[in-house]
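For reference, the chains in residue letters:
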Amino acid sequence: MIQKWFNIISDHRISLRDRMFRIVTGTCMVALVFILPMGRNPWNILILAVSLLAMAAIVKYSVRKECIHTGATAITVLLLTLFPISFFTAGGFYSGVPEWFVFCFIYVCLTLQGKRMAVFFALCTAETLLCYGLALYFPEHIIQSTQQRSFFDSAFSVVLVGLLTCVLLLFLTRMYEEENALSQQQKKEIEELNRAENHFFSSMSHEIRTPINTIIGLNEIILRKDIPEDIAENARNIQGASRLLLTLINDILDISKIKSGKMEIVNVSYETGALFSEIVNMIWIKAKEKGLEFKLHVDSSIPSMLCGDEVRIKQILINLLNNAVKYTSKGSVTLSVRCERLSVNRVRVWYSVEDTGQGVRKENIPYIFNAFQRVDEEKNRLIEGTGLGLSIVRQLVDLMDGEISVNSVYTKGSTFIVTLEQDIVDASDLGTFTLSSRAQRRDGEPYRQSFEAPDAHILVVDDNDMNLMVVSKLLADTKIHIDTASSGTECLKLTQNHYYDCILMDHMMPEMDGIECLHALRAQPGGLCQNAPVVALTANAGSDNQLLYRREGFSGYLAKPVSGALLEAAVLSILPKELVQISEDAIQSDIEKDILIFEQVQRRSVLVTTDSVCDLPESLRRVFDISVCPYYVCTEEGRFLDGEELKPDELLMHIAGGRKGVSQPPDVEDYERFFAGRLTEAQNVIHITMAKNVSEGYQNAFEAAKSFENVTVIDSGHLSSSMGLSVLCAAYLAEHHATKAEIVAAVRRVERFISSAFIVNSTHMLCQTGRISKRIQILCDALLLHPVLVLKKSKMVVGHMETGSFSHAAKKYIKRTLQDIRNIDRRILFITYSGMDEDQLQFIQSTVQQVCPFERVYLQKASSAIASNCGPGSFGLLFLRRDDAAIPFFHPPRQIEEA
């Protein structure tokens, strides 16, 4: 019997509350057994015995009828009746019964729940207080016992209550530990199941795409031939069914990724005009085939380039437009785009898809975004689909922190509105753009290749012979010379002795996959294709894989199954133009809807970038193609881009009026967007920042660079044009094809040889920005002291003081700074100034030329961020000291130039 009870409370198939009820009630029954000897007469013992039997009957009935809560309530009532009787008949609080009142509280808390627990807990409290009160004020109603008996009962009860409570707690702890272990085991199994499910869907997508690629490819070859109409119709039906199957696979894969949290949003810079052209060319032919009018309304003020997940935005709009075409039998489908500027670098875009279709019933609108659910099923039973499209749209919009809403009038049409906030890459208005539409081959029209390239050679690498055959046949009419390789090893053998204008490479191959083969190809000693463009031709679809291939160095990406038009478009965009002969009467049969070409122009190896506080002339930035990430200047009126929205002179006038203006480095997100954009231009980015102890720009850039394997952030250890000298050195080396390691080493070496010092005319600005106290500022004004600010260990400190009028102090500063002429590299000098007129600049320039002539002198106005710290009338002489290792640098002719 006892073993059976233990087995029951250890059985995880029984609910936790059921087992807890059995444990707690069983403990209370044991307590009653021990209370029995405390009775003073046979009637008392009889009542306790009957209560014990009643409790057992209640437990048995409750378990059998599955009414645990009711049984626990009944037992609580029994205990509330039984304990007062035992209390008054066993000697009151001089007996051992009071200790057992604790069990009543424990029982209520562990077996009851909700309002019922609160009510009975209050009743237990009231009953206990009542019993103690009656025993205190009416002792004559208490059956007295001897002192010896009272001490014995009390000691016995304390020990037993403590023992039973410990046993109860041990049982409950063990139960919770077992439940927790079971929960962890179930969690682990669920995670393994999710991983297995994700692996299954991913493998399913890859494995199914491969035979579909063969079906679609060979079927297209059949359609290109002169065949009877009935066979052509069957081939077109096969083509449509294959593409429908592919769409279903993509939808299931996307919903699986979203639910498992594997779907990632990848923000990149993209051209809005190109995006709209691509979408229109995907949809208009479908609308035309159904006799629908397709309209496009684009706000001309939308920026020409934005930063967002172009692939997912396109997927959202295409899903909505496909739905609109699918559910509209007559009328029109309209895509409208408008925008609102939120800030200088942020925009909110509304995408509206409107149709004149059948609309959605009002009661069905809350359910249209549910997965695997199609509203008005009876009416839509002949329309193909899984009901996943809108669910995917909703979840993609949520992932991008956007909003989606729907307005629909049944039988009149629907309007879906998607709102997304994106960053501005190029703020120039799109204006009236030219829609780059491409004619599409209709069913029944003869095929003509889009180009011919008889002198071109390409290599196709795939471990599947059918895929090699499909690609070869699809490109046969272009007259390209095609070699094939069934493995990465065979590919490397061919590239050792042959040059190819383009290589199409599969990813998932045994022994050596496509990525490993690409890396081996790039590093192949004596190989002829180290710089040849390589396009990933793979069944691994999705934006996350596109990002992977981009980072690994592929020149493009093409997803299987691939049509002849897509394949031709990919190869055409890669081949050298001199090898290609465009067919004048060619009709392109499809739009580049699944192809993403990353490098339509060759990317450079290393690109040097910096911040706007580098104080380099625009002419030098253009010569060396140096991109800058703008700092901000914060005032009471808002935050402005340094040099673009707020000029240095404007800031000085603002501060002179008693208002504040402080510089602020770009945020981590700003740097991430900046680096992402630059990586589209180069394989590696070296970003040089201001001294890390002067600004937080280095920390923010370094944090942002963690997201990119090919971005290196260097602390220049300087500021203003002295930082610009480091940038010029790096840019010069990059232009002359130095490696990334060589450039990084040179920048770190040159840091020690840059002279960086500013003389400050007035200390008012330093005081206003909190760099010196008001007392020091008054002292400097009284004694005509002019601090000279220098950088020591990346910190701006006062190196020394110059005295007298500012012209006198400036001359002494120039002579002191340039006194060691033999150790000065006189190729270039920056005179970086803030708030100075032409006469002052002419005086400084002539003094410099008298003391130490330079080959080239730049008069560079300091950025707003520098000017806000030094104030008007300040300037610095920034140049290189001689290095025994001969720092690489350009050798410009002698010239004085105002930047």
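Values in this document were obtained by computation on a predicted structure and should not be read as measured data.

## Examining the pattern of salt bridges
Here comes step 1: On inspection of all chains with the given rule, the structure shows 12 salt bridges.
Here comes step 2: Where Arg-348 meets Glu-340, a salt bridge forms, and the shortest distance between an N and an O atom there is 3.3 Å.
Here comes step 3: By relative accessible area, Arg-348 is classed as partly exposed at 22%.
Here comes step 4: A network of salt bridges, in which partner residues are shared, links Glu-340, Arg-346, Arg-348, Glu-421 and Asp-423.

## Here we look at the packing of helix H25 (residues 806-817) against helix H26 (residues 838-851)
Here comes step 1: Their axes nearest at 10 Å, the elements H25 and H26 cross at an angle of 30 degrees. Handedness of the crossing formed by H25 with H26: right-handed. Here Ser-807, Lys-811, Ile-814 and Lys-815 of H25 come into contact with H26, specifically with Phe-843, Ile-844, Thr-847, Val-848 and Val-851.
Here comes step 2: Classifying every residue of the contact of H25 with H26 gives 5 nonpolar, 2 polar and 2 charged.

## Description of a nonpolar patch on the surface
Here comes step 1: On the surface, a cluster of nonpolar side chains totalling about 370 Å² of accessible area is made up of Leu-136, Tyr-137 and Phe-138.
Here comes step 2: Within the fold, Phe-138 resides in the loop between helix H6 (114-137) and helix H7 (147-224).

## Examining the sheet that holds strand E20 (residues 661-664)
Here comes step 1: Taken together, 3 strands build an open sheet; the order of strands is E19-E18-E20 and the sheet is antiparallel. Here the strands that pair on one side only, and so sit at the sheet edges, are strand E19 (638-641) and E20. Averaged over neighbouring strand pairs, the angle between their axes works out to 30 degrees when direction is ignored.
Here comes step 2: The sheet contact formed by strand E18 (residues 632-635) and E20 spans 4 bridges and is antiparallel. Within the sheet, the bridge partner assigned to Tyr-632 lies in E20 and is Gln-664.

## Focus on the environment of Val-418
Here comes step 1: Its location among the elements puts Val-418 in strand E7 (residues 413-429).
Here comes step 2: As a C-alpha pair, Val-418 and Ser-405 span 13 residues in sequence and 6.7 Å in three-dimensional space.
Here comes step 3: Non-local contacts of Val-418, meaning those with residues more than four positions away in its chain, are made with Ile-316, Leu-320, Val-349, Trp-350, Tyr-351, Val-397, Glu-403 and Ile-404.

## Focus: the environment of Pro-525
Here comes step 1: Position of Pro-525 relative to the elements: it lies in the loop between helix H14 (514-522) and strand E12 (534-538).
Here comes step 2: Take Pro-525: its relative accessible area is 67%, and that puts it in the exposed class.
Here comes step 3: A sequence separation of 29 residues divides Pro-525 from Gln-496, and the C-alpha atoms of the two residues are 8.4 Å apart.
Here comes step 4: When near neighbours in sequence (up to four residues on either side) are disregarded, Pro-525 contacts Gln-496 and Gln-530.

## Some thoughts on H14
Here comes step 1: Taken as a whole, H14 has its buried residues at Gly-514, Ile-515, Cys-517, Leu-518 and Leu-521. With its buried residues spanning 160 degrees around the axis, H14 presents them on a single face.
Here comes step 2: Among the residues of H14, the N-terminal cap falls to Asp-513, whose side-chain oxygen and the backbone nitrogen of Ile-515 are separated by 3.1 Å.

## A word on the packing of aromatic side chains
Here comes step 1: Applying the stated rule across the entire model yields 10 aromatic pairs.
Here comes step 2: Relative to Phe-554, the ring of Tyr-549 has its centre 5.5 Å away and its plane inclined at 80 degrees; by these criteria the two rings are edge-to-face.
Here comes step 3: Judged by its relative accessible area of 2%, Phe-554 falls in the buried class.
Here comes step 4: Summarising the aromatic geometry, the rings of Tyr-813 and Phe-875 are spaced 5.4 Å apart at their centres and angled 75 degrees between planes, so their arrangement reads as edge-to-face. Of the two residues, Tyr-813 is situated in helix H25 and Phe-875 in strand E29 (residues 874-881); the sequence distance between them amounts to 62 residues.
Here comes step 5: The class of Tyr-813 is buried, set by a relative accessible area of 0%.
Here comes step 6: According to the relative accessible area criterion, Phe-875 is buried, its value standing at 0%.
Here comes step 7: Linked through ring pairs, Tyr-549, Phe-554 and Tyr-557 together constitute an aromatic cluster.
Here comes step 8: Between Arg-338 and the ring centre of Trp-350, over which it is positioned, the NZ or CZ distance is 4.1 Å.

## Topic: helix H21 (residues 720-735)
Here comes step 1: Across its 16 residues, H21 extends 22 Å between first and last C-alpha, which sits within 8% of the 22 Å expected from 1.5 Å per residue.
Here comes step 2: Backbone geometry just after H21 places His-737 at a positive phi near 65 degrees.

## Observations concerning the pairing of strand E5 (residues 346-355)
Here comes step 1: Burial runs high along E5: 7 of the 10 residues are buried.
Here comes step 2: One ladder, built from 10 bridges, connects strand E4 (residues 332-343) with E5; its direction is antiparallel. Along E5, the bridge assignment pairs Leu-335 with Val-353.
Here comes step 3: Between E4 and E5, which pair antiparallel and follow one another directly, the connecting turn spans 2 residues.
Here comes step 4: Alignment of E5 against E7, held across 9 bridges, turns out to be antiparallel. In the strand pairing of E7, Arg-348 is matched with Glu-421.

The rules we used
Numbering of residues begins from 1 in every chain and follows the order in which that chain's sequence is written. Local features are withheld for residues below a pLDDT of 70 in this predicted model, meaning they are given only at 70 or higher, and side-chain atom pairs are given and counted only at 80 or more; totals for whole chains, interfaces and linings count all residues. The side-chain values count all of the structure's non-hydrogen atoms but skip hydrogen atoms and water molecules. For this document, the term salt bridge refers to a Lys or Arg side-chain nitrogen within 4 Å of an Asp or Glu carboxyl oxygen. The classification of residues rests on relative accessible area computed with a 1.4 Å probe and restricted to protein chains. Under 20% of the type maximum is buried, over 50% is exposed, and intermediate values are partly exposed. Axes, fitted as lines to C-alpha atoms, cover a helix only where it is in contact. Angles between the N-to-C directions of the axes lie from 0 to 180 degrees. Secondary structure elements are defined from DSSP: runs of H or I of at least 4 residues count as helices, runs of E of at least 2 residues count as strands, and each element is numbered from the N terminus. Crossings are classed by handedness, with left-handed meaning an anticlockwise turn of the near helix from the far one by less than a right angle and right-handed meaning a clockwise turn. Only heavy atoms matter for contacts: two residues are in contact if any of them lie within 4.5 Å across the pair. Three classes are used, and their members are as follows: Ala, Val, Leu, Ile, Met, Phe, Trp, Tyr, Cys and Pro are nonpolar, Asp, Glu, Lys and Arg are charged, and the others, Gly among them, are polar. Excluding any residue in a salt bridge, patches collect residues exceeding 30% relative accessible area, merging like charges within 9 Å and nonpolar Val, Leu, Ile, Met, Phe, Trp and Tyr side chains within 5 Å. For every accessible area listed, the method is Shrake-Rupley and the probe measures 1.4 Å; residues are considered covered only by the protein chains on display. Whether two strands pair comes down to DSSP finding at least two bridges between them. It is the directions from the helix axis to the C-beta atoms that the arc portrays. Under this definition, polar contacts are N or O atom pairs within 3.5 Å; protein pairs additionally need one hydrogen-donor-capable and one acceptor-capable atom, and for neighbouring residues in sequence, both atoms have to be side-chain atoms. Classification of ring pairs rests on two measures: the distance between centres of Phe, Tyr or Trp rings, Trp counted by its six-membered ring, which must be within 6.5 Å, and the angle between planes, read as stacked under 30 degrees, edge-to-face over 60 and tilted in between. By definition here, charges over rings are those cases where NZ of Lys or CZ of Arg is within 6 Å of the ring centre and within 35 degrees of the ring normal. Helix span, as expected, comes to 1.5 Å for every residue beyond the first.

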